[in-house]
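Coordinate analysis (summary)
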Amino acid sequence: MKRKLPLRAAVTASSALFLLWGGCAAWLLWERPGDWWWAVVTALLAGMGLAIVALQGVRRFAAACRETEERMRLFQKAVEDSGDGMAIRDVVFRPVYANRAHARILGVDNQEFMEHGLSRVCSPATALFLRDVLFATLEREGQWRGEVVFERRDGSSVTLWAAVDSLHDAEGRVTHYVGVFHDVTEHQRARDALRKSETRLRMVLDATSDGVFDHDLETGETYFSDSYYRLLGFEPDQVDAAQVFWGSLIHFEDKAQVLEALRDHLEGRVPAYRAEFRIRDSRGRWRWVLSRGSVMERDSDGRPLRIVGTHSDITEIKLAQMALESIQEDLERRVSERTSELREANARIRTLTRQMLEVQESERRRIARDLHDNVAQNLTSLKILLETLLAGPRLVSPEARERASLISRTLQDTVGAVREIAYDLRPPSLDQLGMVRAVAQYCEDFSGVTGVAVDFSSAGMENVELESGVEVNLFRIIQEGLTNVGKHSGAVSARVRIVSSHPHILLRVEDDGVGFDPETVLAAAEGENRMGLRGMAERAHILGGRLRILSSPGKGSRLVVEIPCARRADGDTEEDSHR
């Protein structure tokens, strides 16, 4: 096989020949002037001129060839180093070329691909798709784009986004097909996992007995769980969401207080939104709901953007409460006439109240357990699953990652809200640690939330045996007392004392706040049907004791409860050293 003379060597040799030619012409002109040689010299000089012109053309052609070769080398390197797979097939789909990424992504040997195509490495289903769908579309339309799952014969698979186009000659005939594909397997898995997590979250929300709402304060759009509609007897597409949330379904007498409660929370005056109101169900009946929620998202200026909360059906509790109030009012009208009937009625009220409180505590315990053991655990699992997805290879798009991060933060806030609700309903320490340690823990938590320093101590309670109902009622009295301190007293510090002084148990809740006139406050509470102080008095009465309120404006307040002492395990008695 003959070796071709390099272009540079050919140019050099031509230049030397032209110089020799020019030298000969000059010698003849010098040695034989005026002879017939002048014609030969003229021809030699003309030929040399033409040769020089030709030489310049050759040099330009050589430079263009070098530039083309350099561009081809750069193009080949870019194709070979590309992270996307590339392959070229001829008009009958025989392989012509494949880059390194083609072999890496599909898991094939490119030499084998060039000889046999993909038939030996892909599954029959993938081969059928390539033949009947992809190749058929290329023959018909000249191009194909879309996602394809490439299944290998060993059972593994990879998801690809592919684009295949046809190349044409000068006469418009197809000569080759060029395909480029990108591995989107991890992206597809992330999308599927995110879709599953969203589905699971929606299933958890819809499975709860309470209705869940998510209100966008900027757009006015509101999401309601299916359980929200079921609470009112509607189908999800039967009534407009805005009508449920703000519209005509809410009782006109309750709208003002609902808006005021919401505004107080949105403007930061109260830590959470809470309102009780009536709403019309699908059968036209008024149902009482307890609406609770909190702001989940604010902008850089602190302006609320989104509020999430729940609606609980409290119709039965309200009816029982109103029935109880009706009974009390009726008995109070008859107190002056029939003292004996009053005592009997009072006993009945105490029984009803005790039963209602027992039912309420039982319901609180059940709801708190369901929230803590089911809803909170499921939400926590979803958050962990979502964070696990985000901790993987960073193949998720920034938009998907941002949405996933927002979902994760929302899940965390929701878990906290659920656990706070569960704790308010029934502190687990009350059953696990006993009343004294539960009160101590509650005082510590109250101080952390409100900033009011609470000094708690107990004496003589180590061996006192208390029934479960007594423990619960004493705890609720302390809880309500501290709640009043946090809401109304403006106190800096408070004290809680529990003392066993045979034959009584003494309970005191004191604060250094602004104080109040007990008679005026009790009268106002009576007129407004508020149950705070009345509820504490009823609990003390149920336990066979009494409640006293000692306060005056500017001198703080003291709440004292005295109930009969339960049996001590050691049979001893102890004097009150904390009076």
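Below or above, wherever it landed, is the structure these notes cover. (Residues numbered from 1 in each chain as written. Predicted model: local features only at pLDDT ≥ 70, side-chain atom pairs only at ≥ 80, totals over all residues. Heavy atoms only, no water.)

What follows concerns the overall build of the chain. The helix and strand inventory of the chain stands at 17 helices and 15 strands. Split into buried and exposed, the 579 residues of the chain put 40% on the buried side. Within the chain, counting contacts between residues at least 6 apart in sequence, those at least 24 apart form 55% of the total. As presented, the chain carries roughly 34,100 Å² of accessible surface, and 54% of it is formed by carbon and sulfur atoms. (Helix = DSSP H or I, 4+ residues; strand = E, 2+ residues; numbered from the N terminus. Buried < 20%, exposed > 50% of the residue type's maximum accessible area, 1.4 Å probe, protein only. Contact = heavy atoms within 4.5 Å. Areas by Shrake-Rupley, 256 points an atom, 1.4 Å probe, with all protein chains shown as cover.)

Turning to the packing of aromatic side chains, a few remarks are in order. Scanning all chains against the criterion turns up five aromatic pairs. Geometrically, the ring pair formed by F93 and F135 is stacked, given 4.3 Å between the ring centres and 15° between the ring planes. Pair noted here: F93 is in the loop between β1 (85–90) and β2 (95–98) and F135 is in helix α5 (residues 124–141), with a separation of 42 residues, a long-range link. By relative accessible area, which is 10% here, F93 ends up buried. With 5.6 Å between their ring centres and 70° between their planes, Y442 and F475 make a pair best called edge-to-face. Of the two residues, Y442 sits in helix α14 (residues 435–450) while F475 sits in helix α15 (residues 468–489), which places them 33 residues apart along the sequence. The pair Y442 / F475 is uniform in exposure class, with both members buried. (Phe/Tyr/Trp six-rings, centres within 6.5 Å; stacked < 30°, edge-to-face > 60°.)

Next up on the list: the pattern of salt bridges. Per the counting criterion, the structure on display carries 21 salt bridges. The partner of R303 in a salt bridge is E218, with the nearest N and O atoms 3.4 Å apart. Residue R303 is located in the loop between β9 (286–298) and β10 (304–313), and its partner E218 is located in the loop between β6 (211–216) and β7 (222–224); the two are separated by 85 residues in the primary sequence. On the accessibility criterion, E218 (52% relative accessible area) is exposed. One salt bridge in this structure joins D455 and R497, with 3.0 Å as the shortest N-O distance. Of this pair, D455 sits in strand β11 (residues 453–459) while R497 sits in strand β12 (residues 493–501); the two residues are 42 residues apart in sequence, bridging distant segments of the chain. D455 gets classed as partly exposed once you look at its relative accessible area, which sits at 39%. Overall, the relative accessible area of 10% leaves R497 in the buried class. (Salt bridge = Lys/Arg side-chain N within 4 Å of Asp/Glu carboxyl O.)

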